[in-house]
Protein chains: 2
Amino acid sequence: MKVATFIEPGTMAIKETAKPVVEKDTDAIIKIVRACVCGSDLWWFRGISKREPNSTTGHEAIGIVEEVGAAVTAVKPGDFVIVPFTHGCGECAACKAGFDGNCTNREAGANGGYQGEYLRFINAQWALIKIPGKPADYSETILNSFLALADVMATGFHAAKSAEVVEASTVVVIGDGAVGLCGIIGAKLLGATRIIAMSKYEERQKLAREFGATDIIAERGDKGIAKVMELTHNDGADAVLECVGTEMSMDTAAKICRPGAVIGRVGVPQKNEMNTSALFWQNIGLRGGVASVTTYDKEILLDAVLKGEIEPGKVFNKQFNLDDIQAAYEAMDKREAIKSLVIVSQMD
Amino acid sequence: MKVATFIEPGTMAIKETAKPVVEKDTDAIIKIVRACVCGSDLWWFRGISKREPNSTTGHEAIGIVEEVGAAVTAVKPGDFVIVPFTHGCGECAACKAGFDGNCTNREAGANGGYQGEYLRFINAQWALIKIPGKPADYSETILNSFLALADVMATGFHAAKSAEVVEASTVVVIGDGAVGLCGIIGAKLLGATRIIAMSKYEERQKLAREFGATDIIAERGDKGIAKVMELTHNDGADAVLECVGTEMSMDTAAKICRPGAVIGRVGVPQKNEMNTSALFWQNIGLRGGVASVTTYDKEILLDAVLKGEIEPGKVFNKQFNLDDIQAAYEAMDKREAIKSLVIVSQMD
């Protein structure tokens, strides 16, 4: 079978490898239908972070269950599923508390290779999210939205949940990548009435408005902060979604909160240390981390897509075949794509 | 009138000064009945932090309204009130969001001098909390509990609220000073069923149990962490109340959280910078700061004291007259008192 493989920074390839097999009772083998490239993949594609050469790539997909282990009864061969990047067991303290992104029953190395024809998926009994019917029952738009539920939409929603957005909140979303854009959808789902998107690029500003942003701020740093304070009559925001992870974006987040507001962050932190005393003196909360994909998909997101209430699949504005994986990465690297969709197999 | 005055580290004195007067329409003059010494006062008493020599001291009291400004209608002369250390206006975005400890309508320098016969109190219309009846209607125990509502009980409750303690939570309280002990009361009020108190001193352990602690851990640092993990079957706590503020206590807090748990901190941070990436990867939240005294007292705490549900006044285990203010500070400095009560005027 074919699988996307990291060669060296800037270079991807499609390689032939053996089809995976069920290794544990709790495994499932998934035939991948669609996968995609994540903004976080650019860290190693650009050589900023390290990745093992010849490692398989991708961590978001939708697919068809091909085979299941003996302990897997929740899904069966032929089922159409969202394949999340998380692998919640559904039984540990983290999963039970709704934080399946931090499941304590994980398996090292079992979370790559989604950009390939088949995938071995662990903790399949609880973590996979069954979609009613089969791929051919849905429009392209809805299929793309299902794919967004494997990571990016759940991650944007996690930013909004972590920031404790509630009915009538005034929210600021920092970052206009696919996650930030999905954060806007998440804030709207939770009832925010004012959503200020900090976005510099015209195409993304347009999508931000479509997703529910009521105001756009193109400025960054001190100018952006001043603009938020002006728009909120100097009160600051009730909730801030930090979807970048840089020192500057965290600094901005802290400075635009009203006392008692919460920063919900999902951008991988660029720097370990930060000044949390400044947060203390304003009672500003800091929450966030890895999204609870299965929890959110089952609780709210899949239903919202099926009802047509949300269309996160619109973040995929470029489409590639698996064979063209190099172009899929390059389009994101050059900011030509907000997010690159990868067609892996044709639908039945 | 008499007022306690800071002379130099280790030395307090009672000085004569002019009785304060109403300066603004929103002021009230309070005749102080009882005041007390706060653990945070030890920072400057010990010379660790700076304080202006000859400055008046104290920030917690109960008293009788002596006079009010023209805009104050919520209380009138003769009313018995809790005099919080906070001065919420009740109208700014912070107060409206329930964070009156961060009221944006404050006045510089207007929050000292509670250890004295009379006090000018700003934002009196909203911030003061009226107690039914008069001091002589209540037992010593209940009067002490009213006094605790001026800061320490509200601050302990803030730790529990910030840590997002809910029904059936497993909670760890770090710190067995008066605030930590009140944190136990707060956690219980919010429905925690398991409350693990990290406490080293026997007298405080006893009070912790009385207040609702189900388990006591005397060890600190790595040994204390191991003990918490053992008691929670390696899951970690749902909520951690950090009532110390040192680097070690914050480190402990972060290491005993289950994924997704929240640290509610009220200990003034000893160090500005901390590693928040470690929190990110476990979805651990960090909240807390200055307590919302008026909000909590009006919403829940005064009622709980009046009904006899909570007895935070038990943290006062030593009592002094205002003239003996030096001894009141020394008793806390030497850990002879958990918290020193200061009798300012006799009750009518």
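Quick note: structure is the one above.
A quick note: this is a predicted structure, and the numbers were derived from the prediction, not measured.

Our next topic: the side chain of Asn283(A). Along the chain, the position of Asn283(A) falls in the loop between α10 (277-280) and β15 (285-288). A distance of 2.8 Å separates the side chain of Asn283(A) from the side chain of His158(B), its partner in a polar contact. With sequence-adjacent residues up to four places away left out, Asn283(A) is seen in contact with Gly260(A), Ala261(A), Phe99(B), Asn102(B), His158(B), Gly288(B), Gly289(B) and Val290(B).

Contact residues are listed per partner, giving 36 residues for chain A and 36 residues for chain B. In total, about 3200 Å² of surface goes out of reach between chain A and chain B, with carbon and sulfur atoms giving 52% of it. Of all residues in chain A, Phe280(A), Asn283(A) and Arg287(A) give up the largest surface area on contact with chain B, accounting jointly for 20% of the area buried on that side. Where chain A packs against chain B, one counts two salt bridges. The tally of links between chain A and chain B comes to 22 residue pairs in polar contact (both at pLDDT 80 or more).

Residue and element names in this part refer to chain A. The sheet built from three strands is open, its strands ordered β2-β1-β4 with antiparallel pairing. Two strands in the sheet have a free side with no partner beyond their single neighbour: β2 (11-16) and β4 (55-56). Of the pairings in the sheet, the one linking strand β1 (residues 2-8) to β4 comprises two bridges and is antiparallel in character. Counted as the bridge partner of threonine 5 is threonine 56 from β4. Sitting on the sheet, helix α12 (residues 325-333) touches β1 and β2, and the angle it makes with β2 is about 155°.

Quick look at the relation of the copies chain A and chain B now. By a simple turn and slide, chain A fits onto chain B: the slide is 0.0 Å along the axis, the RMSD is 0.0 Å, and the turn is 180°. The transformation relating the two chain copies, once decomposed into turn and shift, fits a two-fold axis. In this assembly, 100% of the residues forming the interface of chain A have copies in chain B that are likewise at the interface, indicating an isologous arrangement.

Turning our attention to the state of the cysteines. Enumeration over the complete set of coordinates arrives at zero disulfides over all chains. We note that Cys92(A) lacks a disulfide partner, and the nearest cysteine sulfur, in Cys95(A), lies 3.7 Å from it.

Analysis parameters
Residues numbered from 1 in each chain as written. Chains lettered and ligands numbered in written order. Predicted model: local features only at pLDDT ≥ 70, side-chain atom pairs only at ≥ 80, totals over all residues. Heavy atoms only, no water. Helix = DSSP H or I, 4+ residues; strand = E, 2+ residues; numbered from the N terminus. Polar contact = N/O pair within 3.5 Å; in protein donor to acceptor, adjacent residues only side chain to side chain. Contact = heavy atoms within 4.5 Å. Buried area = accessible area lost by both parts, 1.4 Å probe. Salt bridge = Lys/Arg side-chain N within 4 Å of Asp/Glu carboxyl O. Pairing = 2+ DSSP bridges. Axes fitted to C-alpha atoms, helices over the stretch in contact; angles between N-to-C directions. Least-squares fit on C-alpha atoms with pLDDT ≥ 70 in both. Disulfide = S-S within 2.5 Å.

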